[in-house]
Amino acid sequence: MSDTTTNTGVLSSLAAQPGGVDIVLDHVTKRYPGQDTAAVEDFSMRVEPGELVMFVGPSGCGKTTTMKMINRIIEPTSGSIRINGDDILSLDGNELRRHIGYVIQQIGLFPHVTIAENIAIVPRLLGWSKARVAERVDELLRTVQLDPGVFANRFPRQLSGGQQQRVGVARALAADPPVMLMDEPFGATDPITREKLQAEFLRLQADIGKTIIFVTHDFEEAIRLGDRIAVLGERSRIEQFDTPARILAAPANDYVRSFIGEGAALKRLALIPVSDARIGAADAGAPPTTIDEAASLREALDALVLTGAPRVNVTRAGSIVGSIDHAAVSAALAGGSDAQGA
C-alpha cells in the first residue's frame, strides 16, 4: 500500500486519456486501527467512462472516505481499485494524484500566489513548458467564464466565493485529467451562487466528458447533476445505484425514500424535457408566456399554473412550434420513467 512502487507506463497511459475512463472498485474496505467497525465495508462499483456519479448520504456514512481511496489520499485496507484497467496500488501515490482532478468544498487555493499560479501548479509539477502552462491557464479561465485579463493576476482574497470555486474547478482540470473527484464543491456557497455554479458545471461537463465522482449530502443537487446516483448508508453500503429518474420513480426502500422526501413527482418532472411530451397544435389564444421545448416539464407546469391558462405555447429557437397542457405533462410523467432511465 505504500507509494514506493512507480509504474510510469501506466501513468503515461492515464495522462494520455483526456476524456473519461472507467473506474472499478472491487470489494473495497477501509478499516481504521482501533475501530470495531469498518468505515467502508465491501464496496463494489463500476463507473463508466465520461459518467458523472453522485455519492449521496448522511454525514459520517463513508462517502468521502470511499471517494478519497480512489486517489489514495486514504489507503484502502483491502480490495482493489482500477482506473482505465490499471490497479492504482501499483502507482506512485503522488504521481497518481497529479493525474486526477480534485475539488473540495473549502476550495484550497493558495492565498499568497495569484490565480494563474494556483491553476499552474500541477502542470508545472508535470514538467510542462512555460508557454504551454500559460496557454492552458488562459484556456481554463475562459472555460470557467473568468476573463484572464481581469483575473489571472489577482489573488484569491480578491475574488468572491463563487469565483474562487470556479478557479478550484479550473485548477483541477489543469492537467486535463480523465478523472475528477469532487467533495461537496458547491456546499459552502449561497443558494443563488450554487445554482449558477451547478449550471456552469453541467455545461462544462457536456464539453469535457470527464469521469466524475461527486460527493454531496444534497439530494436535489444529486438529481440535477448526476447521470447516476449512489444512495449510501452506513459504511458506504449501496442502498440504490441508478439513474435519478429511476430512483425517483422506484425507490429501493424506506431509507432511499427518506432522501427523496416529498414531491417526488415534481422532482421527476424536472428531469423530463418538454420535447418528450405530446405537443399539440399552437394555440392562438394562449397567453404571451411561452416555454422552450428544451426546458423541463417542471418549468412548463410552472408556466401553466402561473398563467392559469389551459395551454401554453412551446417554442424552438424563438418560434412557436406547438403547445402543451396539463394532460400532456401528466402523460409524460406517467410514461417518462423508462425513457428517462434508459
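First, a word on what this report is: a plain description of the structure on this page. On a predicted model such as this, the values are computed, not experimentally measured, just so you know.

On inspection of all chains with the given rule, the structure shows five aromatic pairs. Ring centres 6.1 Å apart and planes at 70° place the aromatic pair Phe186 and Phe201 in the edge-to-face group. Separated by 15 residues along the polypeptide, Phe186 in the loop between strand S7 (179-183) and helix H8 (191-208) and Phe201 in helix H8 bring together distant segments of the chain. Ring pairs connect the aromatic residues Phe186, Phe201 and Phe214, which therefore count as one cluster. The residue whose ring lies beneath Arg132 is Trp128, and the NZ or CZ to ring-centre distance is 3.6 Å.

On to the pairing of strand S8 (residues 211-216). For S8, the tally of buried residues reaches six of six residues, placing the bulk of the element in the interior. A two-sided burial pattern is seen for S8, the buried positions comprising Thr211, Ile213 and Val215 on one face and Ile212, Phe214 and Thr216 on the other. With five bridges connecting them, strand S3 (residues 52-56) and S8 associate as parallel partners. Bridging across to S8, Phe55 finds its partner in Val215. Sheet analysis places S7 next to S8, joined by five bridges and oriented parallel.

Right, let's talk about the pattern of salt bridges for a bit. Applying the stated criterion across every chain yields a total of 19 salt bridges. Here Glu75 ties to Arg72 by a salt bridge, and the two come within 3.1 Å at their closest N and O atoms. Under the relative-accessibility criterion, Arg72 is labelled buried at 3%. The network of salt bridges with shared partners includes Arg136, Glu139, Asp176 and Lys210.

Bringing the packing of helix H7 (residues 161-172) against H8 into the picture now. Each pair of packed helices can be described by the angle between their axes along with the distance between the axes. Relative orientation of the contacting elements H7 and H8 amounts to 25°, with a least axis distance of 10 Å. By the angle class used here, H7 and H8 are roughly parallel. Considering only the axes of H7 and H8, their crossing is right-handed. Along the contact surface, H7 presents Gly162, Gln165, Arg166 and Val169, while H8 presents Thr193, Leu197, Glu200 and Leu204. Each residue belonging to the contact of H7 with H8 can be placed in one class, and the counts come to three nonpolar, three polar and two charged.

With 18 residues, H8 ought to run about 26 Å at 1.5 Å a step, and its terminal C-alpha atoms sit 25 Å apart, in line with that. Among the residues making up H8, those that are buried are Arg194, Leu197, Gln198, Glu200, Phe201, Leu204 and Gln205. Those residues of H8 that are buried lie in contact with S3, helix H5 (130-143), H7, S7, S8 and helix H9 (219-225).

So, on to the side chain of Glu184. Relative to the elements of secondary structure, Glu184 occurs in the loop between S7 and H8. When residues no more than four places from it in sequence are discounted, the contact partners of Glu184 are Gln105, Val215, Thr216 and His217.

Look at helix H4 (residues 115-125) against H7: their axes get within 8 Å of each other, and the N-to-C directions meet at 30°. In terms of their interaxial angle, H4 and H7 are classed as roughly parallel. At the point where H4 passes H7, the crossing takes the right-handed sense. Between H4 and H7, the residues in contact are Ile115, Asn118 and Ile119 and Val167, Ala170 and Arg171, respectively. Its residues placed into classes, the contact of H4 with H7 shows four nonpolar, one polar and one charged.

Within the secondary structure layout, Glu221 lies in helix H9. The class for Glu221 is buried, based on a relative accessible area of 5%. Filtering out sequence-adjacent residues up to four positions away, Glu221 remains in contact with Met54, Phe186, Arg194, Gln198, Phe214 and Thr216.

What counts as what
Residues numbered from 1 in each chain as written. Predicted model: local features only at pLDDT ≥ 70, side-chain atom pairs only at ≥ 80, totals over all residues. Heavy atoms only, no water. Phe/Tyr/Trp six-rings, centres within 6.5 Å; stacked < 30°, edge-to-face > 60°. Helix = DSSP H or I, 4+ residues; strand = E, 2+ residues; numbered from the N terminus. Lys NZ or Arg CZ within 6 Å of the ring centre and 35° of its normal. Buried < 20%, exposed > 50% of the residue type's maximum accessible area, 1.4 Å probe, protein only. Pairing = 2+ DSSP bridges. Salt bridge = Lys/Arg side-chain N within 4 Å of Asp/Glu carboxyl O. Axes fitted to C-alpha atoms, helices over the stretch in contact; angles between N-to-C directions. Parallel < 35°, antiparallel > 145°, perpendicular 65-115°, else oblique. Left-handed = near helix turned anticlockwise from the far one by under 90°. Contact = heavy atoms within 4.5 Å. Nonpolar A, V, L, I, M, F, W, Y, C, P; charged D, E, K, R; others polar. Expected span 1.5 Å × (residues − 1).

Any link to function would need more than the numbers given here.
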